[in-house]
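Here is what each chain is made of, one letter per residue.
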Amino acid sequence: PHFLFNTLNTIYNLVAVNKDEAQAMIARLSNLLRFSLDHVTTEKVTLQHELDFLMEYIGIEKVRFEERLLVERDVPANTLQAEVPNMILQPVVENAIRHGIGNKARGGTIKISTLRENDRLLITVIDDGTSPLPGKNGAGIGLANTRARLTKLYGDDFRFSLEPFGQGARVRLDIPFQEHSQ
């Protein structure tokens, strides 16, 4: 909900100063909502689909944060057909923006990387914003919901962690590698 209200507020403010950018934001929001509604009952999607959805979200946030938000990706092709929980990365990246990058006047960078290691898929999201508060490592609602979803899908066969990393934070997700079958 925070994201939706922030996006609508950004569009509202853009209408008066940059009609074209406001229209582009509406199109991005429409795409994002379409992505989420098309797969609302789908538990797993390909990593490629998840990244496409995530990039729509990031496109909206880039309008809000402008040059203060940089995103880097290191996603090898051999990971793109892996099955991942639907909409698993958006709350992780949203947390990195809200609690890390958004707290810094000059903004920062979010790095998203994946790696296939034998029968495991490793996903890492790093931000150079601000470190998580001691004792709060993943205790927020968004990350608690993410952890609960992972438990439902994988039982004990996953690892999910949030930890300080440099000046920012690192989220690690380790799940079984399962190739998407069509």
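Predicted model only: the values in this text are computed from it and were never measured. (Residues numbered from 1 in each chain as written. Predicted model: local features only at pLDDT ≥ 70, side-chain atom pairs only at ≥ 80, totals over all residues. Heavy atoms only, no water.)

Let us now look at the overall build of the protein chain. Helix and strand counts for the protein chain come out as five helices and seven strands. For the protein chain, the succession of helices and strands along the chain, N to C, is α-α-β-α-β-β-α-β-β-α-β-β. Its C-alpha atoms give the protein chain principal-axis dimensions of about 50 × 40 × 30 Å. Burial statistics for the protein chain: of 182 residues in total, 44% are counted as buried. (Helix = DSSP H or I, 4+ residues; strand = E, 2+ residues; numbered from the N terminus. Buried < 20%, exposed > 50% of the residue type's maximum accessible area, 1.4 Å probe, protein only.)

Ranked by internal contacts, the top residues of the largest apolar core, which has 45 residues, are V93 and I110. With nine residues, the single largest contributor to this core is helix α3 (residues 47-65). Filtering out sequence-adjacent residues up to four positions away, V93 remains in contact with L54, Y57, I58, I110, I112 and V125. (Core = buried A, V, L, I, M, F, W, Y, C linked by side-chain atoms within 4.5 Å. Contact = heavy atoms within 4.5 Å.)

With that out of the way, let us pick up the pairing of strand β6 (residues 159-165). By the bridge criterion, seven bridges tie β6 to strand β7 (residues 168-176) in an arrangement that is antiparallel. In the sheet register, E163 faces β7, and the bridge partner there is R170. Turn length for the β6-β7 hairpin, with the two strands adjacent in sequence and antiparallel, is two residues, and the turn residue G166 shows positive phi of about 60°. (Pairing = 2+ DSSP bridges.)

Close contact between helix α2 (residues 19-38) and α3 brings their axes to 9 Å; oriented N to C, the two are set at 150°. Between α2 and α3, the interaxial angle falls into the category roughly antiparallel. Along this stretch, α2 crosses α3, giving a crossing that reads as left-handed. Touching E21, M25, R28, L29, N31, L32, F35 and S36 of α2 are H49, D52, F53, E56, Y57, G59, I60 and V63, all from α3. The residue inventory of the contact of α2 with α3, partitioned by class, reads eight nonpolar, four polar and four charged. (Axes fitted to C-alpha atoms, helices over the stretch in contact; angles between N-to-C directions. Parallel < 35°, antiparallel > 145°, perpendicular 65-115°, else oblique. Left-handed = near helix turned anticlockwise from the far one by under 90°. Nonpolar A, V, L, I, M, F, W, Y, C, P; charged D, E, K, R; others polar.)

If you walk across this open sheet you meet the five strands as β2-β4-β5-β7-β6, and the pairing is mixed. If you trace the sheet from one side to the other, it starts and ends with β2 (69-74) and β6, each paired once. Averaged over all pairs of adjacent strands, the angle between strand axes in this sheet comes to 15°, irrespective of strand direction. Of the strand pairs in this sheet, strand β4 (residues 108-117) and strand β5 (residues 120-127) are connected by eight bridges, and their pairing is antiparallel.

What follows concerns the pattern of salt bridges. Oppositely charged side chains can pair when the atoms bearing their charge come close. Taken as a whole, this structure holds eight salt bridges when the rule is applied. We note a salt bridge from R159 to D174, for which the minimum N-O separation is 2.4 Å. Pair noted here: R159 is in strand β6 and D174 is in strand β7, with a separation of 15 residues, a long-range link. The shortest N-O distance in the salt bridge between E163 and R170 comes to 2.5 Å. Residue classification places E163 among the partly exposed positions, given a relative accessible area of 23%. Assessed through its relative accessible area of 16%, R170 is described here as buried. Taken together, the salt bridges that share partners define one network made up of R120, D157, R159 and D174. (Salt bridge = Lys/Arg side-chain N within 4 Å of Asp/Glu carboxyl O.)

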